[in-house]
Amino acid sequence: MTLNRRQFIRSGAGLAATTLAAPHVYAAGHGGAPRVVVIGGGAGGATAARYINKDAGGAIEVTLVEPSRTYYTCFFSNLYIGGFRTMDSLAHSYGTLAAEGINVVHDYAVDVDRGARTVTLASGATLPYDKLILSPGIDFVDGSVPGWDVTMQNRMPHAYKAGSQTELLKAQIEAMPEGGTFAMVAPPNPYRCPPGPYERISMVAHLLTQTNPTAKILLVDPKEKYSKQGLFEEGWQKHYSGMIERIGPDFGGANVSVDPMAMTVDIDGSVENVDVCNVIPAQKAGVICERAGLTEGNWAPVDGRTMVSRMDADVHILGDASEQGDMPKSGFSANSQAKVAAMAVRAALTDSRMFPAKFSNTCWSLIAPEDGVKVGAAYEATEEKIASTDSFVSQTGEDAALRKATYEESLGWYDGISADIFG
Amino acid sequence: MQTILRHAAAAVLVAVATGPGMADDFGDADEGARVFRKCQACHAVGPDAFSRTGPHLNDLFGRRAGALDGFDYSAGLVRMGNDGLAWDFASLDAYLENPKAFASDTRMNFVGLKDAEDRADVLAFLRQYSDSPANIPGAAPTAAPREVELSDDILALVGDVAYGEYLSSECLTCHQADGGATGIPAITGWPEEDFVVAMHAYKEKIRPHPVMQMMAGRLADDEIAALAAYFGGL
């Protein structure tokens, strides 16, 4: 921490004294190398920071603002709940980014002054930028599940930002009384990781079949349909028959409130006692987007051709926070979008070339041991939105060898994307 | 010659437990030529064979593991070779049965030959291309026809490396830039032509993988050439 702060302060002091190298291609107002500030060190932000910094040879100064010193990936955190991954295997540091020359600042970005082009940190420091990348992920919509707010997250965890919440949820499941009830309140669209809640149900079911086979799972869902539904339903029938009950909107799944102190869930007037309750609230863009005045409704609209904000040509918004069109909110999408934004930012700030935007996404889910499935699509950007051009999804009835191969592929993907994001 | 080979194979196998399947027996080389089709996308053997995505397999028997000049092996195979592993029937049989169990970091992205007879056959086939005390039958080279018919124009395209570098960023969400391969194959350092052929084989849905079919399906010929040039140089 001290080192990072000191580096940061030294960098700022250097700029003030204009002792930096001669100007580069971009005529930055302050006379030094153009400055990019990236807010958020996840799949979008860390990738963007690395790709902007890559081969720039110091031509662009990149600062990454991320409060966590250790980042736990949301992707694969369900596998921790199922017992297939350790929490350590989901942990990543920013050491490689720092070694590559990115100024990694562990602090919260609390405000953006778009007129002055500065970011204010919780510590009080301000960071000037020529281009700003916002990749803050999600925050929760207040009041979306009556009775729940973040002060109740220890009684009813969301576990939708990985780390201590995920560990808490697993510990609560393991401590459930024999034959007890696990409930999940699933979120309305759009939200981070469309198959995520259902993969989580699968992993909870797997854990319970090992430790508490008479336990029940109650899935309260406001949506008519969900991602990979046929695949999950087939898998639940095959592996966890009789354990999982889903209550969709036809049966009141959209009219839910909770009482975290009493540990009850009220589904359309019918009150259920539960032992563990995983509340995944409705979601919105990370709150810094709102503070920067870049949101419309819950999300931050962008032009998918470069991921630039519709409201500010000097701000690019990536990943879950952005409203771009057809791409799902996923780590894969954020990583894909980051590369397009990085290319555009580098082209704007240096003499590097501009190429057409290409995007893709694949989401793997684990239903049971070695029973993996996937869904994916390719995308292109028009002026209007990012539009899907091709897609595929695993089929029901696939043989065990293919499902195992799909699972093994997902492990390879985790290693690949982690190396791409964090080095 | 057959007798000599069996004898030699038995000799190196003293310490290896062999089941009733007689796994120390070379099989039928003609059958092996058929089995070898599974290997041909990456490996060549015979006169004029050269290393492609996988190393060429001439003089394989007795060759130190991971030791062919100029081929980019996984660190594990190189280490095993440095530790004294020279390919013989027993080690090749084990490697082919389950490549990743034998060498966990191997870049040979092949599920393995589970059938002992298939392995015995293909090893008999390959044995023909290694020097031995006996004569080596003059079998035809296995230079395989390409998986897809590609025009000379496509093969002659010179890839734009800078464009390839940008396009490669999409590949690197799954494939690792340093050539690491854990569940998803390495795509660095391939001969450009092999890369181009493989991508067109996905694009035309001759190769089955749905993600790769989708990714390749949207790449133009010059984009495939650009990627081949970029990854070929890594």
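Residues numbered from 1 in each chain as written. Chains lettered and ligands numbered in written order. Predicted model: local features only at pLDDT ≥ 70, side-chain atom pairs only at ≥ 80, totals over all residues. Heavy atoms only, no water.

1. Let's talk about the overall build of chain A
As a reminder, the rule being used: Numbering of helices and strands runs from the N terminus; a helix is a DSSP stretch of H or I covering at least four residues, while a strand is a stretch of E covering at least two. A simple rule labels every residue: compare its accessible area, found with a 1.4 Å probe on the protein chains alone, to the largest value its type can have, and call it buried under 20%, exposed over 50%, or partly exposed in between. Any two residues whose heavy atoms approach within 4.5 Å at even a single point are treated as in contact. In these tables, accessible area is a Shrake-Rupley quantity obtained with a 1.4 Å probe, and a residue counts as shielded only by the protein chains included in the view.
Looking only at helices and strands, one finds ten helices and 25 strands in chain A. Buried residues in chain A amount to 57% of all 423 residues. In chain A, the share of contacts with a sequence separation of at least 24, taken over all contacts with a separation of at least 6, comes to 67%. Carbon and sulfur atoms make up 50% of the accessible area of chain A, which amounts to about 16,200 Å² in all.

2. Some thoughts on the overall build of chain B
Regarding its fold elements, chain B presents eleven helices and zero strands. The secondary structure elements of chain B, listed N-terminal to C-terminal, are α-α-α-α-α-α-α-α-α-α-α. Split into buried and exposed, the 234 residues of chain B put 48% on the buried side. Here the contacts in chain B between residues at least 6 apart in sequence split such that 56% fall between residues at least 24 apart. When the accessible surface of chain B is summed, it comes to about 11,300 Å², and 55% of that surface belongs to carbon and sulfur atoms.

3. Side note on the sheet that holds strand β15 (residues 264–267) of chain A
Residue and element names in this part refer to chain A. For clarity, the cut-off: A pair of strands is labelled paired if DSSP reports no fewer than 2 bridges between them. In this description, a line fitted to the C-alpha atoms serves as the axis of each element, helices being fitted only across the stretch in contact, and the angle between N-to-C directions of two axes falls anywhere from 0 to 180 degrees.
Across the sheet, which stays open at both edges, the three strands sit in the order β14-β15-β16 with antiparallel pairing between neighbours. Both outer strands of the open sheet, β14 (256–259) and β16 (270–273), are each paired with one neighbouring strand and no more. Along the sheet, successive strands turn relative to each other by an average axial angle of 20°, direction set aside. Direction of pairing for β14 relative to β15: antiparallel, over a ladder of four bridges. Across the sheet, Val258 pairs through a bridge with Val265, a residue of β15.

4. Notes on unusual backbone geometry
Residue and element names in this part refer to chain A. In this structure, the amide linkage connecting Asn189 to the following residue, Pro190, adopts the cis form with an omega of -10°. Among the secondary structure elements, Pro190 is positioned in the loop between β11 (181–185) and α6 (196–211). Residues other than glycine seldom take positive phi values, yet Met263 does so here, at roughly 55°. Take Met263: it is sitting in the loop between β14 and β15. Judged by relative accessible area, Met263 falls into the buried class, the value being 14%. Phi is positive for Asp268, close to 55°, though the residue is something other than glycine. Owing to a relative accessible area of 46%, Asp268 belongs among the partly exposed residues under this scheme.

5. Quick word on helix α10 (residues 210–217) of chain B
When you tally the buried positions in α10(B), you get six out of eight residues, the bulk of the element. All buried positions along α10(B) are accounted for by Val211(B), Met212(B), Gln213(B), Met214(B), Met215(B) and Ala216(B). Elements that come into contact with the buried residues of α10(B) comprise β23 (359–368), β24 (371–381), β25 (386–393) and α10 (400–422) of chain A together with α8 (161–171) and α9 (192–203) of chain B.

6. With respect to a negative patch on the surface
Heads up, the condition is: Patches here are clusters of residues that have more than 30% relative accessible area and form no salt bridge, with a 9 Å joining cutoff for like charges and a 5 Å cutoff for nonpolar side chains (Val, Leu, Ile, Met, Phe, Trp, Tyr). Any Lys or Arg side-chain nitrogen located within 4 Å of an Asp or Glu carboxyl oxygen qualifies as a salt bridge. Note on charges: Lys and Arg go in the positive column, Asp and Glu in the negative column, and His and the chain ends are not counted at all. For charged residues, the charge sits on one atom: NZ in Lys, CZ in Arg, CG in Asp, CD in Glu.
A surface patch of negative charge is lined by Asp28(B), Asp30(B), Asp115(B) and Glu117(B). Structurally, Glu117(B) is set in helix α6 (residues 116–127).

7. Re the sheet that holds β25(A)
Residues and elements named next belong to chain A. Strands sit in the order β23-β24-β25 across an open sheet of three strands; the sheet is antiparallel. The two strands at the open ends of the sheet, each matched to only one other strand, are β23 and β25. Averaged over all adjacent pairs, the angle separating strand axes in this sheet is 20°, with direction ignored. Relative to β25, β24 runs antiparallel, the two being bridged by seven bridges.

8. Re the packing of aromatic side chains
The line we're drawing: Ring pairs are drawn from Phe, Tyr and Trp, using the six-membered ring of Trp, whenever the two centres fall within 6.5 Å, and their geometry is named by plane angle: stacked under 30 degrees, edge-to-face over 60, tilted for the rest. Think of it as a cone above the ring: NZ of Lys or CZ of Arg counts as a charge over the ring if it is within 6 Å of the ring centre and within 35 degrees of the ring normal.
Across all of its chains, the model carries 26 aromatic pairs over all chains by this definition. Relative to Phe89(B), the ring of Phe26(B) has its centre 4.8 Å away and its plane inclined at 80°; by these criteria the two rings are edge-to-face. Taken together, the residues Phe26(B) in the loop between α1 (2–12) and α2 (29–35) and Phe89(B) in helix α4 (residues 89–97) connect sequence positions 63 residues apart. Judged by its relative accessible area of 8%, Phe26(B) falls in the buried class. Measuring from centroid to centroid gives 5.1 Å for Trp87(B) and Tyr95(B), while their planes differ by 20°, and the two rings are stacked. No difference in accessibility class separates Trp87(B) from Tyr95(B), as the two residues are buried. The rings of Phe75(A), Phe76(A), Phe332(A), Trp364(A), Trp413(A) and Tyr414(A) are connected pair by pair, giving a single aromatic cluster. The ring centre of Phe61(B) lies 5.3 Å from the NZ or CZ of Arg127(B), which sits over that ring. A cation sits over an aromatic face here: Arg207(B) above Tyr202(B), 5.4 Å from the ring centre.

9. Regarding empty space enclosed by the protein
Which entries qualify depends on this criterion: Using a grid of 1 Å spacing that covers the protein atoms alone, one calls a set of points a cavity when a 1.4 Å probe fits there but cannot get out, and a pocket when the set is open and has protein on both sides within 12 Å along at least five of seven lines; lining residues are those with an atom within 4 Å of a point. Grid points are joined across faces, edges and corners, and a volume is the space filled by probe spheres set on the points. In this classification, the charged set is Asp, Glu, Lys and Arg, the nonpolar set is Ala, Val, Leu, Ile, Met, Phe, Trp, Tyr, Cys and Pro, and all remaining amino acids, among them Gly, are polar.
Applying the stated criterion across every chain yields a total of two cavities of 30 Å³ or more. Of the volumes computed, that of the largest cavity is approximately 70 Å³. Along its surface, the largest cavity is lined by Ser336(A), Lys339(A), Val340(A), Lys358(A), Tyr166(B), Leu167(B), Ser169(B) and Glu170(B). Of all elements in the fold, only α9 (331–349) of chain A together with α8 of chain B reach the threshold of two or more residues within the lining of the largest cavity. Among the elements that take part in the lining of the largest cavity, α8(B) stands out by supplying four residues, more than any other. Across the lining of the largest cavity, the residue classes break down as three nonpolar, two polar and three charged.

10. A look at the confidence of the model for chain B
Residue and element names in this part refer to chain B. How we decide: Per-residue confidence from the prediction method is given by pLDDT, with values spanning 0 to 100.
Looking at chain B, the pLDDT average stands at 83 and 84% of residues meet or exceed 70. The lowest-confidence element of chain B is α1, averaging 44 in pLDDT; the highest-confidence one is helix α11 (residues 221–232), averaging 96. Taken as a whole, residues 1–23 scores under 50 in pLDDT and shows 19 contacts with residues more than four places along the chain or in a different chain. Low confidence marks residues 133–143, where pLDDT is under 50. Its contacts with residues over four positions away, or in another chain, come to 19 contacts.

11. Description of the nonpolar core
Rule in force here: Buried Ala, Val, Leu, Ile, Met, Phe, Trp, Tyr and Cys residues form a nonpolar core when they are joined through side-chain atoms within 4.5 Å.
Val119(A), Ile173(A), Phe182(A), Cys277(A) and Trp413(A) are the most contacted members of the largest nonpolar core, which totals 151 residues. Sort the elements by how many residues they give to this core and α9(A) lands first, with nine residues. Contacts of Trp413(A), omitting those with residues within four sequence positions, involve Phe75(A), Phe76(A), Phe332(A), Trp364(A), Thr173(B), Cys174(B) and Ile184(B). Grouped together as the second largest cluster of nonpolar side chains are 28 residues, Leu57(B), Ala103(B), Ala124(B) and Leu126(B) included.

12. What to know about the interface of chain A and chain B
Interfaces are often sized by the accessible area lost when the parts come together. Counted only if it meets this: Summed over both partners, the accessible surface that disappears when two parts come together, traced with a 1.4 Å probe, is what is meant by buried area.
Tallying the contact residues gives 36 residues for chain A and 24 residues for chain B. By the criterion of area lost to chain B, the three top residues of chain A are Phe355(A), Lys358(A) and Phe392(A), representing 25% of everything that side buries. One salt bridge connects Lys54(A) with Glu165(B), and the closest N-O pair in it is separated by 3.3 Å. At the level of elements, α9, β23, β24, β25 and α10 of chain A are the ones that each hand at least two residues to the side of chain A that touches chain B. The element contributing the most residues to the side of chain A that touches chain B is α10(A), with nine residues. Classifying every residue of the side of chain A that touches chain B gives 16 nonpolar, nine polar and eleven charged.

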